[in-house]
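Chain residues, written in single-letter form:
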Amino acid sequence: MKALRICLVLLVLVALGVLGAQWLAREDLRDWGQVFVRVGGYDLTATVPGAIVVLIATALVLWIVWTLLVLPFRAWGRHRRKRARARLIDGLEALQQGHYQRAEKLLDRAAQDSEVEVIARTAAVRAAQARDDAPSIQRHLQALAECSATAHALLLAEDALARAMPAQALVALDAADAQPLPPRGLALRAQALAQVGRAGDAWGLLGPLRQHKALSANAYADLETRLATQSLLQADDANALAERWESLPRPLRTEADVVAAYAQRAAALRWDDAATHALEQALDSRWDESLIVLYGRLPVGKPDSRRASVQRWLHSHPDSPGLLLTLARLMRQQGQWSQAQEVLHRALAQGAGADAWEELGHGYAAAGEELLARRSYANALSSGRGEPAAALPDRNLRQHIHDHAVPEERDVHGLPRLRD
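These lines cover the structure that appears in this document, whether it is placed above or below. (Residues numbered from 1 in each chain as written. Predicted model: local features only at pLDDT ≥ 70, side-chain atom pairs only at ≥ 80, totals over all residues. Heavy atoms only, no water.)

**A closer look at the packing of aromatic side chains**
Piece 1. Applying the stated rule across the entire model yields five aromatic pairs.
Piece 2. Aromatic side chains Trp 245 and Tyr 262 sit 4.1 Å apart centroid to centroid with 20° between the ring planes, which places their arrangement in the stacked category. Highlighted residues: Trp 245 in helix α12 (residues 238-247) and Tyr 262 in helix α13 (residues 256-268), separated in sequence by 17 residues. For the pair formed by Trp 245 and Tyr 262, the shared burial category is buried.
Piece 3. Geometrically, the ring pair formed by Tyr 262 and Trp 271 is edge-to-face, given 6.5 Å between the ring centres and 65° between the ring planes.
Piece 4. Given the relative accessible area of 30%, Trp 271 is considered partly exposed.
Piece 5. Here the aromatic residues Trp 245, Tyr 262 and Trp 271 are joined through ring pairs into a cluster of three or more. (Phe/Tyr/Trp six-rings, centres within 6.5 Å; stacked < 30°, edge-to-face > 60°. Helix = DSSP H or I, 4+ residues; strand = E, 2+ residues; numbered from the N terminus. Buried < 20%, exposed > 50% of the residue type's maximum accessible area, 1.4 Å probe, protein only.)

Structure below.
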């Protein structure tokens, strides 16, 4: 097809040349003006259209001659590029299959072509790392830094984060030669900032990451939740904590991990009202066992108001082991150990596990019942390891039946309501 197109073009040019020669032979073209040229004692005369055609023909001939002269060099360049791409493909395939030494040689030779040098050098570094060849790694890294400072910085940052060295990753990513960072670099920088305790700074990178779609929807949501949690835990004071909490998107303020981080930091800063209020709002909107356990474990005051909230939730979640455990903790804080003991046994019957056994051990120890306390602590260890717990000698069959009993909810027709 290419030869046919060339023949057609040549035929068209010949036809145009014949028609042009016939047109130039007309006498009336002299009325358009004449051009006189004297070169080396020779006088050349032509009409204006004829001179224009001669110039065009001369330029065309010169272009053809130049094309023919550079044709071998262009052919050699295309051959080199084609060979470099073939080596790159073979090298990447060898790297994928685990032929690291062969892959490194192919990629090193492919890197001689500037168009594929960056990807070839990057893959060669990976092949050398797989062989644990430190001199080759440094040689490829140095060559990569010379051809692409950004790719060099991304590679160093990935390796530093893999070795749990986020500070070195930041040094590589913040290099002036590596700017501006591509989306992958922004994601790595956000991860490094979070690991060095600067989650607040990493939070500012979420906008560009979302704009560039550098992460999948799930990965972005996980990163957003993780950064929100860490930024709240790293707040220096109550003002910074409140500012970061208010800047979070509303849906994020109902996530269990985020709410837990805010409540824990607020309690550590002695901001008890904010801690309990955040947990209560989150539990009212969406029930979560981890949050209700945290609600009873936080070192905050107001046991009466918290117990009132727990009693209110107990009507809609009577079989919640975390809620029963929290109620027992509040009862024990108020000095009602006998009632707390019964609630703890109900919590254990609903699957509360090691935390309930440990709380039961604390209660028995405070009451002076050392044998029951030791057995409760032993059961806490066994439950934490997934082993069955030993029954306590102070519980009879009727009490065991009562522990497993759960109030039945009925609908308006008197039929039992199914639980989720």
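**With respect to a nonpolar patch on the surface**
Piece 1. A surface patch of nonpolar side chains, amounting to about 510 Å² of accessible area, comprises Leu 60, Trp 63, Ile 64, Leu 68 and Leu 71.
Piece 2. The class for Leu 60 is partly exposed, based on a relative accessible area of 40%. (Patch = residues over 30% accessible without salt bridge, like charges linked within 9 Å, V, L, I, M, F, W, Y side chains within 5 Å. Areas by Shrake-Rupley, 256 points an atom, 1.4 Å probe, with all protein chains shown as cover. Salt bridge = Lys/Arg side-chain N within 4 Å of Asp/Glu carboxyl O.)

**Some thoughts on helix α8 (residues 183-195)**
Residues that lie three or four places apart on an α-helix share one face, since the helix turns once every 3.6 residues.
Piece 1. For α8, which comprises 13 residues, the first-to-last C-alpha distance of 19 Å matches the rise-based estimate of 18 Å (1.5 Å per residue) to within 8%.
Piece 2. Within α8, burial applies to Gly 185, Leu 186, Ala 187, Leu 188, Arg 189, Ala 190, Ala 192, Leu 193 and Ala 194.
Piece 3. Those residues of α8 that are buried are in contact with α6 (149-162), α7 (166-173), α9 (199-203), α10 (206-212) and α11 (217-233).
Piece 4. Immediately downstream of α8, the backbone of Gly 197 shows phi near 85°, a positive value. (Expected span 1.5 Å × (residues − 1). Contact = heavy atoms within 4.5 Å.)

**Considerations on the environment of Ile 119**
Piece 1. With respect to the helices and strands, Ile 119 occurs in helix α4 (residues 117-131).
Piece 2. When the C-alpha atoms of Ile 119 and Ser 148 are compared, they prove to be 9.9 Å apart, with 29 residues separating the residues in sequence.

**Quick look at the packing of helix α5 (residues 134-147) against α6**
Piece 1. Contact pair α5 / α6: the axes reach a minimum separation of 5 Å and the direction vectors enclose 140°. Between α5 and α6, the angle falls in the class oblique. Residues Leu 141, Leu 144, Ala 145 and Cys 147 of α5 lie in contact with α6, whose contacting residues are Ala 149, Ala 151, His 152, Leu 155 and Leu 156.
Piece 2. Looking at the contact of α5 with α6 residue by residue, the class counts come to eight nonpolar, one polar and no charged. (Axes fitted to C-alpha atoms, helices over the stretch in contact; angles between N-to-C directions. Parallel < 35°, antiparallel > 145°, perpendicular 65-115°, else oblique. Nonpolar A, V, L, I, M, F, W, Y, C, P; charged D, E, K, R; others polar.)

**Some details on helix α14 (residues 272-285)**
Piece 1. Its 14 residues give α14 an end-to-end C-alpha distance of 20 Å, which sits within 8% of 20 Å, the value for a rise of 1.5 Å per residue.
Piece 2. Along α14, the positions that sit buried rather than exposed are Asp 272, Ala 274, Ala 275, Thr 276, Ala 278, Leu 279, Glu 280, Ala 282 and Leu 283.
Piece 3. For α14, the elements touching its buried residues are α13, α15 (289-297) and α16 (303-316).

**Description of the pattern of salt bridges**
Piece 1. Here the structure, examined in full by the defined rule, presents 18 salt bridges.
Piece 2. We note a salt bridge from Glu 359 to Arg 332, for which the minimum N-O separation is 2.6 Å. You can see Glu 359 sitting in helix α19 (residues 354-366) and its partner Arg 332 sitting in helix α17 (residues 321-333), a full 27 residues away along the chain.
Piece 3. What you see here is one network of salt bridges that share partners, running through Glu 104, Asp 108, Arg 121, Arg 131, Asp 133 and Arg 139.

**Some words on the environment of Gln 112**
Piece 1. If you trace the backbone, Gln 112 turns up in the loop between α3 (100-110) and α4.
Piece 2. Classification of Gln 112 as exposed rests on a relative accessible area of 56%.
Piece 3. For the pair formed by Gln 112 and Arg 81, sequence separation is 31 residues and the distance between their alpha carbons is 9.4 Å.

**Notes on the side chain of Thr 276**
Piece 1. For Thr 276, the location among the structural elements is in helix α14.
Piece 2. At 3.2 Å, the side chain of Thr 276 and the backbone oxygen of Asp 273 are in polar contact. (Polar contact = N/O pair within 3.5 Å; in protein donor to acceptor, adjacent residues only side chain to side chain.)

**Description of the environment of Ser 247**
Piece 1. Locating Ser 247 in the fold gives a position in helix α12.
Piece 2. Among the residues examined, Ser 247 registers a relative accessible area of 48% and is labelled partly exposed.
Piece 3. Sequence separation of Ser 247 and Ala 228 is 19 residues, and the distance between their C-alpha atoms is 9.9 Å.

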